[in-house]
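Residue-level structural notes
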Amino acid sequence: MKNIQAIRGMNDLLPEQSPLWQYVEAEIADVLASYGYNEIRTPILEQTELFKRSIGEVTDIVEKEMYTFDDRNGDSLTLRPEGTASTVRAAEQAGILSAGRGRGSIPQRLWYCGPMFRHEKPQKGRLRQFHQFGIEAFGMPGAEVDAEVILVSNAIWQVLGVSEAVTLELNSIGSSEDRAKFGKDLYDYLVGHKESLDEDSQRRLDSNPLRILDSKDEGTQKILEGAPKLVDYINEEDQIHFAKVREVLDRAGVSYRINPSLVRGLDYYGKTVFEWVTDKLGSQGTVCAGGRYDGLVAQLGGDATPGVGFGLGIERLVLLLETLELVPDWVYQQVDLYVCAEAQYVADAMILAEQLRSELALRVRVHANGGGMKSQTKAAQKTNAPLVVFMQERDMVDGKLMIRSYDGELVEGQDQLNVTVDGLIDFLTEGQ
Ligand code: ATP
Ligand code: MG
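A brief report on the enclosed structure follows. (Residues numbered from 1 in each chain as written. Chains lettered and ligands numbered in written order. Predicted model: local features only at pLDDT ≥ 70, side-chain atom pairs only at ≥ 80, totals over all residues. Heavy atoms only, no water.)

Focus on the nonpolar core
Counting 48 residues, the largest nonpolar core has Val 24 and Trp 157 as its most contacted members. Considering every element that reaches this core, the biggest residue donor is helix 5 (residues 143-160), with 11 residues. Residues in contact with Trp 157, not counting those within four places in the same chain, are Val 162, Ser 163, Val 166, Trp 276, Val 287, Cys 288, Leu 312 and Leu 317. Of all hydrophobic cores here, the second largest spans 43 residues; its members include Ile 55, Ile 61, Met 66 and Leu 262. (Core = buried A, V, L, I, M, F, W, Y, C linked by side-chain atoms within 4.5 Å. Buried < 20%, exposed > 50% of the residue type's maximum accessible area, 1.4 Å probe, protein only. Helix = DSSP H or I, 4+ residues; strand = E, 2+ residues; numbered from the N terminus. Contact = heavy atoms within 4.5 Å.)

Some points on the environment of Ser 98
You can see Ser 98 is positioned in the loop between helix 4 (84-93) and strand 5 (108-117). For the pair Ser 98 and Gly 139, spaced 41 residues apart in sequence, the C-alpha to C-alpha distance is 8.8 Å. A distance of 2.9 Å separates a polar atom in the side chain of Ser 98 from the backbone oxygen of Gly 95. (Polar contact = N/O pair within 3.5 Å; in protein donor to acceptor, adjacent residues only side chain to side chain.)

Brief notes about the packing of aromatic side chains
Applying the stated criterion across every chain yields a total of 7 aromatic pairs. Their ring planes at 35° and their centres at 5.5 Å tell us that Trp 111 and Phe 133 sit as a pair that is tilted. Of the two residues, Trp 111 sits in strand 5 while Phe 133 sits in strand 6 (residues 129-138), which places them 22 residues apart along the sequence. A single burial state applies to Trp 111 and to Phe 133, both of which are buried. Ring centres of Trp 157 and Trp 276 lie 5.7 Å apart, and the angle between their planes is 70°; on these two criteria the pair is classed as edge-to-face. (Phe/Tyr/Trp six-rings, centres within 6.5 Å; stacked < 30°, edge-to-face > 60°.)

Thoughts on the environment of Ile 7
Assignment of secondary structure puts Ile 7 in the segment before helix 1 (18-34). Residue classification places Ile 7 among the exposed residues on the basis of a relative accessible area of 55%. Expressed as a C-alpha distance, the spacing of Ile 7 and Arg 128, which sit 121 residues apart in the sequence, is 8.9 Å.

A closer look at the sheet that holds strand 2 (residues 45-47)
Think of a sheet as strands paired side by side through backbone hydrogen bonds, with each pair either parallel or antiparallel. The 3 strands are arranged 2-4-3 in an open sheet whose pairing can be described as antiparallel. At either end of the open sheet lies a strand with only one pairing partner, and these are strand 2 and strand 3 (67-70). Ignoring which end each strand starts from, the neighbouring axes of this sheet average 35° apart. Examined bridge by bridge, strand 3 and strand 4 (residues 76-79) share 4 bridges and lie antiparallel to one another. Paired with Thr 68 across the strands is Thr 78, a residue of strand 4. Relative to the sheet, helix 2 (residues 48-55) contacts strand 2, strand 3 and strand 4, its axis offset from that of strand 2 by approximately 75°. (Pairing = 2+ DSSP bridges. Axes fitted to C-alpha atoms, helices over the stretch in contact; angles between N-to-C directions.)

Digging into the sheet that holds strand 13 (residues 364-366)
Ordered in space as 13-12-14-15-16, the 5 strands form an open sheet in which the pairing is mixed. For this open sheet the edge positions go to strand 13 and strand 16 (416-419), each flanked by a neighbour on one side alone. Adjacent strand axes in the sheet meet at a mean angle of 20°, parallel and antiparallel pairs treated alike. Taken together, the 5 bridges between strand 12 (residues 337-341) and strand 14 (residues 387-391) define a ladder with parallel strand orientation.

Take a look at the structure:
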């Protein structure tokens, strides 16, 4: 019988990779806490209508990427392709986006983390089940908050050490009225060049001409050079808003590149949009993307509530850390201490390990599957434990253990010591 395999584009996270993910997730959660954001968790399944209404019918996601099916009641459900719509739905449903109500009214600063699903062509950095961290700030219309959201992402790059590898691209796409006017003029211009546009862009001409701006097709980009420019359509208020965002970023020392053709693939954005991109991951170069979406909450049936946020792809961030070899060594240390023991000392080793865990809060693994010291040592080294304790007759006859370091000296000039159990505890206590 053939073994059953995972679904293409949906990866398992194996034990050798999970420490890196735990590290990344913990660092990000710390940053989010430091900015006063609270976690929200929502179901992975939602009514299909939620995404159609928020992301937009004429978008890549809704047109061709969603996992949608009828459940046993005949309701159309969709595995969430992104986190913003669900967050808005949940916050609205809980009544925490209303002004002036007691329990957690606006403003709200929220974050989420979890799997998202899109039926795309799987490749490096592009999966069908992938994972995002996202933040959403509700109830604050000011440009400073757009800047704050960007500063949060910037702080994440700093703690993980990837700042040098990512650049911020920034644009303002104005109001929906501005975009409608621009879209009309863009249409009038492009319709004259229809035959020379790529296939996707031809299709979008009637449905969503703005999306043609970020077409990757060279021929289309050439034609766009002569097209009307969105910047010329942005109303004064939104221009001032955008200038203020840039001012705060300037004062915070965050550099950026204005990218006039950045429009983002989701319909709900307006005013500020941004992406953090890297050239280290090939064509899957966007690590984090976001912007302001003041119309979304109302669009989903709530009171008009401004919002701004981002989504960050964990797989791409993890790939970046690995590619640039920026993962600290300790991340791969599965335990702090590994105990190798000859068969007659395994029980003693278990008891010793109990003591080390409870008294010194160490992570300890005991070798309990037999084998000689040589093979046990190999197993110990596989865990990258910085310290290994040996319990073998040779030393135990004198009531001593041997403690050994494989990545440096234990004490000056020595990488191994023979000590009693008490001596071991003293040694480890001093090291803490
Ligand atoms: P792309 O242009 O790469 O398709 P997107 O604009 O569709 O990205 P968003 O919806 O803005 O992406 O999602 C935010 C982030 O989530 C992306 O910048 C990326 O890091 C990550 N992401 C999106 N889709 C995938 C995917 N299929 N696999 C892995 N990560 C993804
Ligand atoms: Mg996409």
